[in-house]
There are 2 protein chains.
Amino acid sequence: MDLVLLTIRQGALHVLLIRRGIPPFTGQWALPGGFVLDGEGLDAAAARELHEETGLLPGHLEQLATYGDPGRDPRGRVFAVAYLALLPDLPVPVAGSDAAAASWQPLPIAGLAFDHDAILADGLERARSKLEYSPLATAFCPPEFTIAELREVYETVWRTRLDPRNFHRKVTGAAGFVEPTGETVIRDRGRPAQLFRRGSATLLHPALLRPGSSSQLTPMVTDSEDHVAEREVTE
Amino acid sequence: MDLVLLTIRQGALHVLLIRRGIPPFTGQWALPGGFVLDGEGLDAAAARELHEETGLLPGHLEQLATYGDPGRDPRGRVFAVAYLALLPDLPVPVAGSDAAAASWQPLPIAGLAFDHDAILADGLERARSKLEYSPLATAFCPPEFTIAELREVYETVWRTRLDPRNFHRKVTGAAGFVEPTGETVIRDRGRPAQLFRRGSATLLHPALLRPGSSSQLTPMVTDSEDHVAEREVTE
DNA sequence: CCAAAAGTGTTTGGTTTACACCCATGA
DNA sequence: TCATGGGTGTAAACCAAACACTTTTGG
């Protein structure tokens, strides 16, 4: 059982890694993991491991895939069921119980033990694509958040820039994605932002698609900000 | 290792099942499966099992999920990695090597051994959703096929009726989905249809979405065929 | 000629993008 | 007041559903 635990800290995607204290791959970074106990289901085992490593209850936890190629573990044939979890930023990195050290590492990262580079890559791609058609991005956020904070999640995970104005409309327009709390906050300078919490939807409609996945014609103007009046709006 | 092998026969979706010859669940239907051999990867084991059961090479084969809830096997804790394959209609159902009997069963079906009802349901849902954004429907077709035959695949898997005219345009308009062979055939009565083969795309763009997933307003007219002139086209 | 299936064209309406523009606050 | 971020309005382009209509065969 291996866990891909992702969070966003300081505007960058991080993954929880442990430094191995025993062979093989002693001293190398690896995904946290453990074993399934007697009488425990796979999902339950993943949730327990997650709690042991981070002290958190799973906001979102899903099975990723199972890895069992010969040679992935030098000790012999070992199968690993990988799980993916998306977590809000944590107060403390918390060290695992049995690991030499545990810490959040910014992505991209490579050189992990076993086939964990590949597992991490699969987890990342799964997270990226799930943001498109599920309201999962809220799992990275605290219980109450602003639209700009939610947009930062998308921009960080997709490594893209999104138009704040269109993003706002799409998110608030997708039924059940977010619900306003009625309160506002000032995060930085500027006009106060409304606070939202997760809605009840499990699927987004319409979906938010990653830019670049569509076949676009070249736009006439390539600037990224309003700067010149292109046209007078007569109203 | 369990296999969800789907095909379309006589306009209905079928799954390959074996009748168990040994306990537990003797005499009940179950998904075909087997064990991973030494030095064999998971994907390779699934491909080998598929070949043993059907004599076919995998057109499309992908890992579905891993099942390991306690109690799924009365003999004790057993983990099963499930694979999903979509196959063209086969000449012979072919009996498995070690199974008492193997045969294609039309869906829906229930009462399978172990947790195979749930595995089959997961496989079906995966197949349904993959038809939306991948050109996988062609895996159900022979090497050359007509657009109407491809549409039948979608209609069968989605249990929906699709507009033949819009479907034709969407399929031939999605880059790399299908390529015309240049030949035509007459399948039934009516105008001859062009033959196509799979294209090189791995992702559909734009995607074909299942009807009903979107939030639709009530249409003004509920008839299914052209029958009355609604409006004169002045041109 | 008629029925039936294949395939094209058109209209309508929703979605996306690219912006202009207004709003509310701290400095 | 100005800079800054929050949020709404709008037009062009694109996409999808509904359906009229043409083409090409068999009976």
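An unreviewed UniProt entry annotates chain A as NUDIX hydrolase originating from Paractinoplanes durhamensis. Per UniProt, chain A has the following entry under Sequence similarities (unreviewed entry): "Belongs to the Nudix hydrolase family."

Helices and strands together make up the secondary structure of chain A, namely 4 helices and 8 strands. When the helices and strands of chain A are placed in sequence order, the string is β-β-β-α-β-β-β-α-α-α-β-β. Taking as baseline every contact in chain A between residues at least 6 positions apart, the subset at least 24 positions apart corresponds to 64%.

Turning chain B through 180° and shifting it by 0.1 Å along the axis lays it on chain A, with an RMSD of 0.1 Å. What we have between these two chains is a two-fold relation. Of the residues that chain B buries at the interface, 100% are likewise interface residues in chain A, meaning the two copies contact each other through the same surface.

The end-to-end C-alpha distance of helix α1 (residues 42-54) of chain B, which contains 13 residues, comes to 18 Å, matching closely the 18 Å that a straight helix rising 1.5 Å per residue would cover. Within α1(B), the full set of buried residues consists of B:Leu42, B:Ala45, B:Ala46, B:Glu49, B:Leu50, B:Glu53 and B:Thr54. Along the long axis of α1(B), the arc covered by the buried residues comes to 140°, so they all point the same way. Taken together, the buried residues of α1(B) touch β4 (60-67) of chain A together with β1 (2-9), β2 (12-19), β4 (60-67) and β5 (80-87) of chain B. Directly after α1(B), the chain includes B:Gly55, whose backbone phi takes a positive value near 75°.

This part takes up the domain arrangement of chain A. Residues and elements named next belong to chain A. By the assigned domains, chain A splits into domain 1 (2-131) and domain 2 (134-232). Contacts between the two partners involve 16 residues from domain 1, matched on the other side by 15 residues from domain 2. Summed over both partners, the interface of domain 1 with domain 2 buries about 1,400 Å², with 65% contributed by carbon and sulfur atoms. The largest contributions to the domain 1 side of the interface with domain 2 come from Ile8, Arg128 and Leu131, which together make up 50% of the buried area. Between Glu125 and Arg210 there is a salt bridge, and its shortest N-O distance comes to 3.5 Å.

The next subject is the nonpolar core. Residues and elements named next belong to chain B. Within the largest apolar cluster, 42 residues are counted, with the highest numbers of intra-cluster contacts made by Leu6, Leu150, Tyr154 and Phe177. Where this core is concerned, the elements lending two or more residues are β1, β2, β4, β5, α2 (116-133), α3 (147-158) and α4 (164-173). Counting residues per element, this core draws most heavily on α3, at 6 residues. Shared between two domains, this core holds at least three residues of each, these being domain 1 (2-131) and domain 2 (134-232). Setting aside residues up to four positions removed in sequence, Leu150 forms contacts with Ala137, Thr138, Cys141, Phe145, Phe167, Val171, Phe177 and Val178.

A few words now on the pattern of salt bridges. Residues and elements named next belong to chain B. In this structure the tally under the stated criterion is 32 salt bridges over all chains. A salt bridge links Glu52 to Arg48; its shortest N-O distance comes to 3.0 Å. You can see Glu52 and its partner Arg48 sitting in helix α1, 4 residues apart, about one turn around the helix. Taking the relative accessible area as the measure of exposure, Glu52 reaches 39% and is therefore partly exposed. For Arg165, the salt bridge identified is with Asp163, shortest N-O distance 3.2 Å.

In this assembly, 21 residues from chain B lie in contact with 21 residues from chain A. Looking only at chain B, the three residues that lose the most surface to chain A are B:Leu42, B:Thr66 and B:His205, adding up to 34% of its buried area. Where chain B packs against chain A, one counts 0 salt bridges. In this assembly, chain B and chain A are joined by 5 residue pairs in polar contact (both at pLDDT 80 or more). Taken together, the residues that form the side of chain B that touches chain A break down as 8 nonpolar, 9 polar and 4 charged.

Residues and elements named next belong to chain A. Here Ala110 shows up in the loop between β6 (101-106) and α2 (116-133). On the basis of relative accessibility, which here comes to 63%, the residue Ala110 falls in the exposed class. A C-alpha to C-alpha distance of 9.2 Å links Ala110 and Trp29, two positions 81 residues apart in sequence.

Residues and elements named next belong to chain B. At a minimum axis separation of 10 Å, α3 and α4 run at an interaxial angle of 100°. Here α3 is positioned roughly perpendicular relative to α4, judged by the angle of their axes. Residue-level contacts link Ile147, Leu150, Arg151 and Tyr154 of α3 to Pro164, Phe167, His168, Val171 and Thr172 of α4.

On to the packing of aromatic side chains. Under the criterion given, the structure shown has 6 aromatic pairs over all chains. An angle of 75° between the planes, with centres 5.0 Å apart, marks the rings of B:Tyr154 and B:Trp158 as edge-to-face. Note that B:Tyr154 and B:Trp158 are positioned in helix α3 at a spacing of 4 residues, about one turn of the helix. A residue is classified by how much of its surface remains accessible, and B:Trp158, at 7% relative accessible area, is buried. Plain terms: the ring middles of B:Tyr154 and B:Phe167 are 5.5 Å apart, the flat faces sit at 65° to each other, and that makes the pair edge-to-face. One end of the pair, B:Tyr154, is in helix α3; the other, B:Phe167, is in helix α4, and 13 residues separate them in sequence. As far as burial versus exposure is concerned, B:Tyr154 and B:Phe167 are alike and both buried. In textbook terms, an aromatic cluster arises when at least three aromatic residues are bridged by ring pairs, as seen for A:Tyr154, A:Trp158 and A:Phe167.

Scoring rules and cut-offs
- Residues numbered from 1 in each chain as written.
- Chains lettered and ligands numbered in written order.
- Predicted model: local features only at pLDDT ≥ 70, side-chain atom pairs only at ≥ 80, totals over all residues.
- Heavy atoms only, no water.
- UniProt positions renumbered as here; feature names shortened; annotations may be inferred.
- Helix = DSSP H or I, 4+ residues; strand = E, 2+ residues; numbered from the N terminus.
- Contact = heavy atoms within 4.5 Å.
- Least-squares fit on C-alpha atoms with pLDDT ≥ 70 in both.
- Expected span 1.5 Å × (residues − 1).
- Buried < 20%, exposed > 50% of the residue type's maximum accessible area, 1.4 Å probe, protein only.
- Arc of directions from axis to C-beta.
- Domains from an automatic or database assignment.
- Buried area = accessible area lost by both parts, 1.4 Å probe.
- Salt bridge = Lys/Arg side-chain N within 4 Å of Asp/Glu carboxyl O.
- Core = buried A, V, L, I, M, F, W, Y, C linked by side-chain atoms within 4.5 Å.
- Polar contact = N/O pair within 3.5 Å; in protein donor to acceptor, adjacent residues only side chain to side chain.
- Nonpolar A, V, L, I, M, F, W, Y, C, P; charged D, E, K, R; others polar.
- Axes fitted to C-alpha atoms, helices over the stretch in contact; angles between N-to-C directions.
- Parallel < 35°, antiparallel > 145°, perpendicular 65-115°, else oblique.
- Phe/Tyr/Trp six-rings, centres within 6.5 Å; stacked < 30°, edge-to-face > 60°.

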